[in-house]
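Each chain, written out:
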Amino acid sequence: MLNPRQIEAFRTVIVTGGVTSAAKALNISQPAVTRLIHDLQYVLGLTLFERRGTRLVPTNEALSLYREVERQFVGLEQIENTARNLREGLSGSLRIAALPTFNVGFLPRLVAAYMKDKPGLEIAIYGSISSQVVDWVATGFCDIGFAQYPLDFPHIDVEQLPSVPAVAVLPEGHRLCEKAVLEPLDFIGEPFVSLAGSTQWRYRTDALFSAARVTRPIKVETPLSMIACSLVASGAGVGIVDPYTAAEYRGRGIVTRPFRPEVLYDIGVVWPAGRFRSPLALGFVETVTAAIRALAAASEQSTPQ
């Protein structure tokens, strides 16, 4: 009966060119390699090597056998490589859902960077409102999601990511660009581009201006912060948006300024409740968390653009 160790020794002698180098590669003695080859020849009833001087030279039968052995070893090595890559998070698939705030530029850049040293990784990204992101994760359609925090839905686990303060966005050349930091009183009489009334963000900004007894003339509203930034860049008014979207539009017709008192923009990582979290997903969340911390640190040291 064939012994896998005999086949391994045979292949190694062919690949390395001799018994001595094969013994080193297999970390066994030369007599042990010779014995494995002898036993293989006996089991197969074939002469696999001929001695020429001090060298063993493979016969034609040995070379034919080697081609078949090599096909089998390549298959096994491929399986081992695939398993190793999956174990180490170098390959596999990852389905990500995120709200538009994240998807406009911040998340795609992180995905591209995350894939650079993972040639076997396949990623799919989906974007929608937070409730849809939660549904995709809860039903198993996506592995992880990024949605506006706080979240109170069944069948999910949520981890809050670092908070980052919102920023004021102004058209280039606007009079308020002269100020280093803006506050509610600065917006008196200014046409305001607001997020739609159905969003958490709208409720929070309305409460802030109400507390300051400032009435904003809301001229345009939209559910998406990227549309709000485009409106501001076009001169429709001023606004307050999340820092992720603002960063994509800075220098494209808008200027950003810190806003006080701070309005923190919170994102949560959405996981399917009670399910296995793959190393790929965990590694990607670590990448996102580090990038948000860097953004938060930069915002603390921000100076006028």
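First things first, this report covers the structure right here in the doc. (Residues numbered from 1 in each chain as written. Predicted model: local features only at pLDDT ≥ 70, side-chain atom pairs only at ≥ 80, totals over all residues. Heavy atoms only, no water.)

1. Overview of the sheet that holds strand β8 (residues 167-171)
Step number 1: Strand order in this open sheet of three strands is β11-β8-β12, and the pairing throughout is antiparallel. In this open sheet, the two strands that pair with only one neighbour each are β11 (239-241) and β12 (254-258). Strand-to-strand twist of the sheet, defined as the mean angle between neighbouring strand axes without regard to direction, takes the value 40°.
Step number 2: As judged from the five bridges shared by β8 and β12, these two strands associate in the antiparallel manner. Looking at the pairing, Leu170 lines up with Val255 of β12.
Step number 3: Those strands touched by helix α9 (residues 225-233) are β8, β11 and β12, and its axis lies near 145° from that of β11. (Pairing = 2+ DSSP bridges. Helix = DSSP H or I, 4+ residues; strand = E, 2+ residues; numbered from the N terminus. Axes fitted to C-alpha atoms, helices over the stretch in contact; angles between N-to-C directions. Contact = heavy atoms within 4.5 Å.)

2. A word on the nonpolar core
Step number 1: In terms of nonpolar packing, the biggest core is built from 57 residues, with Phe102, Leu107, Phe146, Phe187, Phe284 and Val288 touching the most fellow members.
Step number 2: Take this core: its biggest share by element is eight residues, from helix α11 (residues 279-300).
Step number 3: Formed by 19 residues, the second largest nonpolar core is a distinct cluster that contains Val13, Ile14, Val33 and Val69. (Core = buried A, V, L, I, M, F, W, Y, C linked by side-chain atoms within 4.5 Å. Buried < 20%, exposed > 50% of the residue type's maximum accessible area, 1.4 Å probe, protein only.)

3. Points about the packing of aromatic side chains
Step number 1: Enumeration according to the criterion identifies 16 aromatic pairs in this entry.
Step number 2: Centroid distance Phe102 to Phe146: 5.4 Å. Interplanar angle 35°. Geometry classified as tilted. Note that Phe102 is positioned in helix α5 (residues 100-103) and Phe146 in strand β5 (residues 144-148), a separation of 44 residues in sequence. The burial state of Phe102 is the same as that of Phe146; both residues are buried.
Step number 3: Among the aromatic residues, those joined into a cluster by ring pairs are Phe102, Phe106, Tyr114, Phe146, Tyr244, Tyr265 and Phe284.
Step number 4: Sitting above the plane of the Tyr249 ring, Arg252 keeps its charged end 4.5 Å from the centroid. (Phe/Tyr/Trp six-rings, centres within 6.5 Å; stacked < 30°, edge-to-face > 60°. Lys NZ or Arg CZ within 6 Å of the ring centre and 35° of its normal.)

4. A short note on helix α8 (residues 200-211)
Step number 1: The first and last C-alpha atoms of α8 sit 17 Å apart over 12 residues, in line with the 16 Å expected at 1.5 Å per residue.
Step number 2: Of the surrounding elements, those touching the buried residues of α8 are β5, β9 (192-195), β10 (218-222), β11 and β13 (264-265).
Step number 3: Of the residues flanking the end of α8, it is Arg213, one or two places downstream, whose phi is positive at about 60°. (Expected span 1.5 Å × (residues − 1).)

5. So, the side chain of Ser130
Step number 1: Its place among the elements puts Ser130 in helix α7 (residues 130-138).
Step number 2: The class for Ser130 is buried, based on a relative accessible area of 15%.

6. Notes on the packing of helix α1 (residues 4-16) against helix α2 (residues 19-26)
The axes of two packed helices give the description: the angle between them and the distance between them.
Step number 1: At a closest axis distance of 8 Å, the pairing of α1 and α2 adopts a crossing angle of 125°. One finds that α1 runs oblique with respect to α2. Two packed elements cross with a definite hand, and for α1 against α2 that hand is right-handed. Between α1 and α2, the residues in contact are Arg5, Glu8, Ala9, Thr12, Val13 and Thr16 and Ser21, Ala22, Ala25 and Leu26, respectively. (Parallel < 35°, antiparallel > 145°, perpendicular 65-115°, else oblique. Left-handed = near helix turned anticlockwise from the far one by under 90°.)

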